[in-house]
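For reference, the chains in residue letters:
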Amino acid sequence: MQSSNGPTRAGGNIAGSPAVHDDDHAPPAAGAPAGVRYDDPWYDALASGWGEPAGGGVPVPAQAAGAPGRTGVAGAAEAPAPADVYLQVQRSAAFQEVRRRYRRFVVPGVVVFLAWYVGYVVTATTAPALMARPVVGSVNVGMAAGLGQFLSTFLLAWAYARHARLRRDRAALELRWDTQELTRGARGGA
């Protein structure tokens, strides 16, 4: 009979003892690229090749060990530190364009939404006679505007997701791939 605490792991959890769920210290999976950790902010199972058999189509970075420029000999060219890679990407024109596109949508969207919300609250407290005017049957202006708050929230969420998908996701994904390759090269390559 199996414990209600979860399935036993290889290596043997004793039935009735708490199951170990901390994967941060688990060894890498077979065929996993060296240098990629579970706490890596760019970890992506499909992108990094985890779970694939050894040599199963995992791309080798251009600056792999033994490649020109990565000899490890004193005085040879070395890859920048991972922190330097992130600073370099943050200063790049592509990153600044992604941030600019984000701000161009989010700042006006937040301003319009907050103005609409504050306008609703202020009108409800300062002009109760206006909010009590019937629109259709027992539905008054206040109820219609309140339901409009919910509608505008969902509309804004949809517009944000559409804007991200059409204007930012592709460029952000390309930046992610470039950054991942640069940091992989900075850690020694896999």
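So, how was this worked out
- Residues numbered from 1 in each chain as written.
- Predicted model: local features only at pLDDT ≥ 70, side-chain atom pairs only at ≥ 80, totals over all residues.
- Heavy atoms only, no water.
- Helix = DSSP H or I, 4+ residues; strand = E, 2+ residues; numbered from the N terminus.
- Contact = heavy atoms within 4.5 Å.
- Areas by Shrake-Rupley, 256 points an atom, 1.4 Å probe, with all protein chains shown as cover.
- pLDDT = per-residue confidence, 0-100.
- Axes fitted to C-alpha atoms, helices over the stretch in contact; angles between N-to-C directions.
- Parallel < 35°, antiparallel > 145°, perpendicular 65-115°, else oblique.
- Nonpolar A, V, L, I, M, F, W, Y, C, P; charged D, E, K, R; others polar.
- Patch = residues over 30% accessible without salt bridge, like charges linked within 9 Å, V, L, I, M, F, W, Y side chains within 5 Å.
- Salt bridge = Lys/Arg side-chain N within 4 Å of Asp/Glu carboxyl O.
- Buried < 20%, exposed > 50% of the residue type's maximum accessible area, 1.4 Å probe, protein only.

*Asks:* Before we go on, may I ask you to explain the overall build of the protein in this structure?
*Replies:* Secondary structure assignment for the protein yields five helices and two strands. Taken from the N to the C terminus, the helices and strands of the protein come in the order α-α-α-α-β-β-α. Pairs at least 24 residues apart make up 54% of the contacts formed inside the protein by residues separated by at least 6 positions. Accessible surface, the protein: about 13,100 Å² in total, of which carbon and sulfur atoms supply 65%.

*Asks:* Help me understand the side chain of glutamine 149, please; the structure alone is not making it clear to me.
*Replies:* Tracing the sequence through the fold places glutamine 149 in helix 5 (residues 141-186). Those residues in contact with glutamine 149 that sit more than four places away from it in its chain are Phe113, Trp116, Tyr117 and Tyr120.

*Asks:* Help me understand the confidence of the model for the protein in this model?
*Replies:* Detailed reading of the predicted model is not advised wherever pLDDT is low. Residues of the protein with pLDDT of at least 70 account for 55%, and the chain-wide mean is 73. Throughout residues 48-53 the model reports pLDDT below 50, and contacts reaching past four residues in sequence, or to other chains, amount to 19 contacts. Below pLDDT 50 for its whole length, residues 55-76 participates in 24 contacts with residues either more than four positions away or in separate chains.

*Asks:* It is not clear to me how the packing of helix 2 (residues 82-91) against helix 3 (residues 93-126) should be interpreted in this structure. Could you clarify?
*Replies:* At their nearest, the axes of helix 2 and helix 3 sit 5 Å apart, and the two run at 60 degrees to each other. When the axes of helix 2 and helix 3 are compared, the pair comes out oblique. The segment helix 2 lies against helix 3, with Val89, Gln90 and Arg91 engaging Ala93, Phe95 and Gln96. Grouping the amino acids of the contact of helix 2 with helix 3 by side-chain chemistry returns three nonpolar, two polar and one charged.

*Asks:* Looking at this structure, how should I read a nonpolar patch on the surface?
*Replies:* Taken together, Tyr117, Val118, Val121 and Val122 make up a surface patch of nonpolar side chains, about 320 Å² in accessible area. Topologically, valine 122 is positioned in helix 3. Looking at valine 122, the relative accessible area reads 43%, which means it is partly exposed.

*Asks:* When you look at the pattern of salt bridges in this model, what are you seeing that I'm missing?
*Replies:* One side chain can pair with another of opposite charge once the charged atoms of both are near each other. One pass over the full model with this rule turns up three salt bridges. Of the charged contacts, one joins arginine 101 and glutamate 97 as a salt bridge, the two residues approaching to 3.1 Å between their closest N and O atoms. In this pair, arginine 101 and glutamate 97 both sit in helix 3, four residues apart, roughly one turn of the helix. For arginine 101, a relative accessible area of 28% puts it in the partly exposed group. With a relative accessible area of 25%, glutamate 97 lands in the partly exposed category. Residues joined by salt bridges that share partners form a network here, namely Glu97, Arg100, Arg101 and Arg104.

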